[in-house]
Amino acid sequence: MGQEDLMNKAEDVADQFLRVTKQYLPHLARLCLISTFLEDGIRMWFQWNEQRDYIEATWNCGYFLATCFVLLNLIGQLGGCVLILSRNFVQYACFGLFGIIALQTVAYSILWDLKFLMRNLALGGGLLLLLAESRSEGKSMFAGVPSMGESSPKQYMQLGGRVLLVLMFMTLLHFDSNFFSILQNMVGTALIILVAIGFKTKLAALTLVVWLLAINVYFNAFWTIPAYKPMHDFLKYDFFQTTSVIGGLLLVVALGPGGVSMDEKKKEW
């Protein structure tokens with residue numbers, strides 16, 4: 001069996017998976033995508049004093065402003081998650097969560113940590129894809145109205161979302177000289193390029209979902225670390241951020257790559 005036959009067989013398996021799960025996949029994708037915001041909002045509730053004291057000590061902003069920061073994070077994240085899961089005012093919820101990402105990037109000095117900055121940008125990519133999905137749902141309400149095709153904003157949201165999502169995988173590359181690391185880097189790089197340019201997109205994204213899920217469960221098993229140890233919170237944060245990126249990739253699988261992609265251009269050839 002040649003390489004082309006193997007690729008076609010793999011695509012057939014992916015298409016079969018999509019046919020079986022198409023009713024549930026968008027809901028699962030949304031749940032995964034907002035998981036890091038949900039976890040962080042709940043953590044703000046249970047660690048209220050610690051979070052407030054950290055912000056007050058770091059920025060010397062006083063008790064009142066530090067309290068406002070924690071309250072804004074708590075309400076903004078939990079409120080945004082409820083709206084997204086209930087499919088109400090999804091676009092406003094996404095913009096609110098974009099604001100939370102920007103606020104936390106500055107407040108926790110993530111801007112100067114390349115790894116965490118790239119992961120936050122990847123999270124933003126997932127929200128862009130969610131915005132694109134919400135635009136699709138809005139259009140579907142006018143099913144009988146003639147359409148001129150996909151709107152450019154939606155196409156470029158999907159492109160931007162795909163490109164930002166792959167930043168997560170760049171933080172997972174290991175620059176070691178052993179064979180396994182080199183192979184993992186080569187395969188991972190090939191897959192993220194395919195997702196970014198939109199070629200064999202659903203198959204590549206689904207493969208990345210499986211790969212990232214395995215890495216997440218293996219390396220970020222926070223449940224194996226006692227809750228009182230700092231590593232528990234670090235791994236927990238990493239686990240849910242990675243789960244959110246998995247949600248973004250599942251949206252790519254469910255929605256397709258959009259108009260600005262090689263898959264779409266192939267239809268015109």
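Provided above is the structure to which this section pertains.
All values derive from a computational prediction rather than experimental measurement.

**Student:** Tell me what's going on with empty space enclosed by the protein, and back it up with residues and numbers.
**Tutor:** In this structure the tally under the stated criterion is one cavity of 30 Å³ or more. In this structure, the largest cavity spans a volume of roughly 110 Å³. Together, Thr36, Phe37, Asp40, Gln77, Ile100, Ile101, Gln104, Ile110, Asn120, Leu123, Tyr237 and Gln241 line the largest cavity. Elements supplying a minimum of two residues to the lining of the largest cavity: helix H3 (35-46), helix H6 (90-107), helix H7 (114-140) and helix H12 (230-255). Along the lines of polarity and charge, the residues of the lining of the largest cavity split into six nonpolar, five polar and one charged.

**Student:** Requested: an account of the packing of aromatic side chains, with residues and values cited.
**Tutor:** Counted by the stated rule, this structure contains twelve aromatic pairs. Ring geometry for phenylalanine 95 and phenylalanine 98: centres 6.4 Å apart, planes at 45°, overall tilted. Taken together, the residues span about one helical turn, with phenylalanine 95 and phenylalanine 98 both in helix H6 at a distance of three residues. On the basis of relative accessible area, phenylalanine 98 is assigned to the partly exposed category, the value being 24%. Centroid distance tryptophan 223 to phenylalanine 239: 5.6 Å. Interplanar angle 90°. Geometry classified as edge-to-face. Separated by 16 residues along the polypeptide, tryptophan 223 in the loop between helix H11 (201-219) and H12 and phenylalanine 239 in helix H12 bring together distant segments of the chain. Given a relative accessible area of 47%, tryptophan 223 falls into the partly exposed group. Judged by its relative accessible area of 16%, phenylalanine 239 falls in the buried class. Among the aromatic residues, those joined into a cluster by ring pairs are Phe222, Trp223, Phe239 and Phe240.

Criteria and cut-off values
Residues numbered from 1 in each chain as written. Predicted model: local features only at pLDDT ≥ 70, side-chain atom pairs only at ≥ 80, totals over all residues. Heavy atoms only, no water. 1 Å grid on protein atoms, 1.4 Å probe; cavity = no way out; pocket = protein on both sides within 12 Å on 5 of 7 lines; lining within 4 Å. Points joined across faces, edges and corners; volume = space filled by probe spheres on them. Helix = DSSP H or I, 4+ residues; strand = E, 2+ residues; numbered from the N terminus. Nonpolar A, V, L, I, M, F, W, Y, C, P; charged D, E, K, R; others polar. Phe/Tyr/Trp six-rings, centres within 6.5 Å; stacked < 30°, edge-to-face > 60°. Buried < 20%, exposed > 50% of the residue type's maximum accessible area, 1.4 Å probe, protein only.

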